[in-house]
Amino acid sequence: MQASYERAGRSAAGDARIFSGKAGAASYFTMHAPAETTIRHSTCPHDCPSACALDVEVVGGARIGRVRGSKQQTYTAGVVCAKVGRYAERIHHPDRLLFPLRRTGPKGSGQFSRISWDDALDAIAERFNAAEREFGSEAVWPYYYAGTMGLVMRDGINRLAHVKKYSRFYSTICSNIAWAGFAAGTGKVAGVDPREMAKSDLVVIWGTNPVSTQVNVMTHATRARKERGARIAAIDIYDNETVKQADIKIVLRPGTDGAFACGVMHVLFRDGFADRDYLDRYTDCPGELEAHLSTRTPQWASDICGVPVEDIEAFARAVGETKRSFFRLGYGFTRSRNGAAQMHAALCIPAVTGAWQHEGGGAFFNNGSIWKFNTSVIEATEAIDPDIRHLDQSKIGRILTGDREALHDGPPIKAMLIQNTNPVNVAPEQALVRRGFAREDLFVAVHEQFLTETAQMADIVLPATMFMEHDDLYYGGGHQHISVGSALIPPPGECRSNHEVLRALAPRVGARHRAFDLTPRDIIDETLKLSGHGTIEALQADLWRDLQPDFRASHYLDGFAHADGKFHFRADWSRVPVPRKLKMGPWTEMPTLPDHWAVIEAADEAHPFRLATSPSRSFLNSTFSETPSSRAREGSPSVLIHPADAAEIGVADGDSVTLGNDRGETTLAVRVFDGLRRGVLIAESIHPNHAHRGGRGINTLTAADAVAPYGGAAFHDNKVWVRKAAATPAGD
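Since we're looking at a predicted model, the values are computed, not measured.

Student: What should I look at first to understand the packing of helix 10 (residues 257-270) against helix 13 (residues 298-305) in this one?
Tutor: Angle between the axes and distance between the axes: these two values describe a pair of packed helices. Packing of helix 10 against helix 13 brings their axes to within 8 Å, and their N-to-C directions diverge by 165 degrees. Accordingly, the angle class assigned to the pair helix 10 and helix 13 is roughly antiparallel. In this structure, helix 10 meets helix 13 at a crossing whose hand is left-handed. Contacts between helix 10 and helix 13 involve A259, F260, C262, G263, H266, V267 and R270 from the first element and P298, W300, A301, I304 and C305 from the second. Taken together, the residues of the contact of helix 10 with helix 13 break down into 9 nonpolar, 2 polar and 1 charged.

Student: Which parts of the structure should I look at to understand the pairing of strand 11 (residues 231-236)?
Tutor: Walk down a regular strand and you will see the side chains alternate between the two sheet faces. Most of strand 11 sits out of view: 5 of its 6 residues are buried. Note that strand 10 (residues 202-206) and strand 11 share 5 bridges and pair parallel. Looking across to strand 11, one finds that W206 is bridged to I235. Looking at chain direction, strand 11 and strand 12 (residues 248-251) are connected through 4 bridges and run parallel.

Student: Help me understand helix 14 (residues 309-321), please; the structure alone is not making it clear to me.
Tutor: Three or four residues apart is the spacing at which side chains of an α-helix point the same way, because the helix has 3.6 residues per turn. Its 13 residues give helix 14 an end-to-end C-alpha distance of 18 Å, which sits within 8% of 18 Å, the value for a rise of 1.5 Å per residue. When helix 14 is considered as a whole, its buried residues turn out to be I312, E313, F315, A316, A318, V319 and G320.

Student: Looking at this model, I keep getting lost on the packing of aromatic side chains. Mind explaining?
Tutor: Using the criterion set out here, one finds 20 aromatic pairs in the structure. Centre to centre, the rings of Y143 and F169 are 5.2 Å apart; their planes meet at 90 degrees, and the pair counts as edge-to-face. Here Y143, found in strand 8 (residues 140-144), pairs with F169, found in strand 9 (residues 168-170); they are 26 residues apart in sequence, far enough to count as distant. Exposure remark for Y143: the relative accessible area of 1% places this residue in the buried category. Look at W356 and Y556: their rings are 5.5 Å apart centre to centre, the planes differ by 75 degrees, and that puts the pair in the edge-to-face class. Of the two residues, W356 sits in the loop between helix 15 (339-353) and strand 14 (362-364) while Y556 sits in the loop between helix 23 (551-554) and strand 22 (609-612), which places them 200 residues apart along the sequence. The burial state of W356 is the same as that of Y556; both residues are buried. Three or more aromatic residues joined by ring pairs form one cluster here, namely W356, Y556, F560, F567 and F569. Note that R159 overlies the ring of F516, its terminal NZ or CZ placed 4.8 Å from the centroid.

Student: How should I be thinking about the nonpolar core in this particular structure?
Tutor: Considering soluble globular proteins, one finds that nonpolar side chains tend to be buried as a cluster. Judged by nonpolar contacts, the single largest core of 176 residues is most densely connected at F128, W206, F260 and F569. Considering every element that reaches this core, the biggest residue donor is helix 15, with 10 residues. For W206, the contacting residues outside a window of four places in its chain are I235, L252, D257, F260, A261, F327, R328, L329, G330, F333, A346 and I349. Grouped together as the second largest cluster of nonpolar side chains are 20 residues, L54, V56, I64 and Y87 included.

Student: I keep staring at the side chain of H499 and nothing clicks. Help me out?
Tutor: Summarising the element assignment, H499 is placed in helix 20 (residues 498-509). Given a relative accessible area of 2%, H499 falls into the buried group. At 2.7 Å, the side chain of H499 forms a polar contact with the backbone oxygen of L518. The residues contacting H499, other than those within four sequence positions of it, are M153, R159, A515, L518, T519, P520 and I523.

Student: I tried to follow empty space enclosed by the protein on my own but got confused; where do I start?
Tutor: It is a probe the size of a water molecule, rolled over the atoms, that shows where empty space is left. Throughout the structure, instances matching the rule amount to 4 cavities of 30 Å³ or more. Roughly 50 Å³ of internal volume is contained in the largest cavity. What lines the largest cavity is K188, A190, G191, I370, P549, A553, S554 and Y556. For the lining of the largest cavity, the per-class residue count stands at 5 nonpolar, 2 polar and 1 charged. For the second largest cavity, the calculated volume is near 40 Å³. Taken together, T43, A51, A53, Q73, Y474, Y475, G476, H479, H481, I482, S483 and W544 form the lining of the second largest cavity. For the lining of the second largest cavity, the elements supplying multiple residues, two or more each, are strand 19 (472-475) and strand 20 (481-485). Ranked by the residues each element gives to the lining of the second largest cavity, the list is headed by strand 20, at 3 residues. Its residues placed into classes, the lining of the second largest cavity shows 6 nonpolar, 6 polar and no charged.

Student: Looking at this structure, how should I read helix 20?
Tutor: An ideal rise of 1.5 Å per residue puts 16 Å on 12 residues; helix 20 measures up with 16 Å between its terminal C-alpha atoms. Among the residues making up helix 20, those that are buried are N498, H499, V501, L502, A504, L505, A506 and V509. Along its buried surface, helix 20 packs onto helix 4 (117-135), helix 5 (151-164), strand 16 (415-419), strand 17 (443-448), strand 18 (460-463) and helix 21 (520-530). Positioned one or two residues after helix 20, G510 has a phi angle of 80 degrees, which is positive.

About the criteria used
Residues numbered from 1 in each chain as written. Predicted model: local features only at pLDDT ≥ 70, side-chain atom pairs only at ≥ 80, totals over all residues. Heavy atoms only, no water. Axes fitted to C-alpha atoms, helices over the stretch in contact; angles between N-to-C directions. Helix = DSSP H or I, 4+ residues; strand = E, 2+ residues; numbered from the N terminus. Parallel < 35°, antiparallel > 145°, perpendicular 65-115°, else oblique. Left-handed = near helix turned anticlockwise from the far one by under 90°. Contact = heavy atoms within 4.5 Å. Nonpolar A, V, L, I, M, F, W, Y, C, P; charged D, E, K, R; others polar. Buried < 20%, exposed > 50% of the residue type's maximum accessible area, 1.4 Å probe, protein only. Pairing = 2+ DSSP bridges. Expected span 1.5 Å × (residues − 1). Phe/Tyr/Trp six-rings, centres within 6.5 Å; stacked < 30°, edge-to-face > 60°. Lys NZ or Arg CZ within 6 Å of the ring centre and 35° of its normal. Core = buried A, V, L, I, M, F, W, Y, C linked by side-chain atoms within 4.5 Å. Polar contact = N/O pair within 3.5 Å; in protein donor to acceptor, adjacent residues only side chain to side chain. 1 Å grid on protein atoms, 1.4 Å probe; cavity = no way out; pocket = protein on both sides within 12 Å on 5 of 7 lines; lining within 4 Å. Points joined across faces, edges and corners; volume = space filled by probe spheres on them.

What follows is the structure in structure tokens.
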């Protein structure tokens, strides 16, 4: 359903639409380019490990032009993805929210009227305070995520929660699973300098599709190919754009990476490719691992993962014969119920070969352990009350529909402030999510840039700045740089930053903390000083500061980060060294040594297909789904189906099919595609719910049950049935 919000109210100037709109666009976004254009620097804030360094054309001090990757930062190396390169299309979009709004129609109708900031903030405070009086402080739940990865604008909402003793937010929807799997092996989440891919002889890209999601990975991998004659191996669940560019192509069944890794390591030990001197010096139990793998033959692995035995053998030889093998492991591992164990199994391969010893060898996933930011000012960590419940982000549907377990037997959620995320589109178990947001007794305030499907369910909508309109502090999860991103242009209309909203709301709800009285620049400066990174002025002078540890530390040549200094083949899931995480899911059942852990949602007679909702190239979660160029490239929601499966179902390219399971159903267009295993479906996403027939998006089919050991959402791990859909009714 398309929301009827374009004329939800009138501005003080008369007929200008409240979102700027087509009639009012000229009032805020003049299309006449001023003469003066300057180049300013920034960092991409979106939910991507690349955190690209940007050179931004600022036109007349009020608009931006082209956005390019900066050549001054050695990881970005002058390359940026196309969607960010076209950022002017997004920041100057005529449908930007410009003024606060109050709902005037039913929830989800998109019917709003313009109100003042004071009225909006007073209304939010009134409902928050009423919920606290009647049900206690935990009845209020500030909810956020990674619409921006800037520390001040992303995490400042925790300060409000901590000071007020509101329900705390437990982040599970993205990275917990893979973080745990990597740290179980190395002892912390940090690895080889990712720029060393360019010095590798074999770059193994596993569990990520960087052509679509981390373009800079391909920059360094293809440089190795061009300058060194290196090969690129890609391991994934379908023949995506990265696999298409690879020299060695491995296509697995979803959730079977651990089996493939074990089959590879079996060959490495069997055929003499294991570096026994390295194993004895740097690893915990090589003999036990070799004995364990003796039954994990390539045939055993092939039966599980679907990769032919000869391909397993060939990949193992390529890795075994190439000492400079760089394993670039990705976030795909974190989308499966057995993802932590799979990440750990894949990570064990370069330890078996001793690749860590060599420049251009070893492994990298994320550099989360090197930043050591002290976020006490940003988050008011001293105000944390450990007795206040953590609510699982991924279980928002269960929480809002009163599930006692998800609520930890506490009070219902009666009021929310949502920043930086669009759960009505991106959260699992969408049927429950939509039912929860439709509650008339639930008050929701959404601070957003566009009228998203979550904003359409809100009682109060607040207009938000974009990253070039405020100051923030950034780090690169996929590399080693930190930076300050300064405001480059003024915000349009009455848009305010996340910090400004929290600062104005705090006194209205009785939240007292000195950081509410600071500017973002003050908070950045104090955070840098507390973290041992100097001042904001010094960091701005550096533009992008390189914090990569030296070669010996990055390659763990003086020992890994576990207390015994060893790489751990034997994973202790009871105490993985990842801070501030809560044990969840069947973690006591996880395999100790690398293995295939058969905990995935396996296909069955009623649900003969397995579905993964892999990322698309032109959307980033639900971000960029509002920009015309991204929408044009992605088209309508579709699902990739193997030709033999399509024939069996009786469908062809362009036909509509309905996918379903006990969580719901959704309808998409068929794309017959032979680059995946039979019985596997890929729906590149996330399209808006309203783009699907009936308004039910792809996450209707995904589950929110907790993934071991620290929680997560298994977006690539769903069993479904498939049926040819009925013809679309006329006029639909």
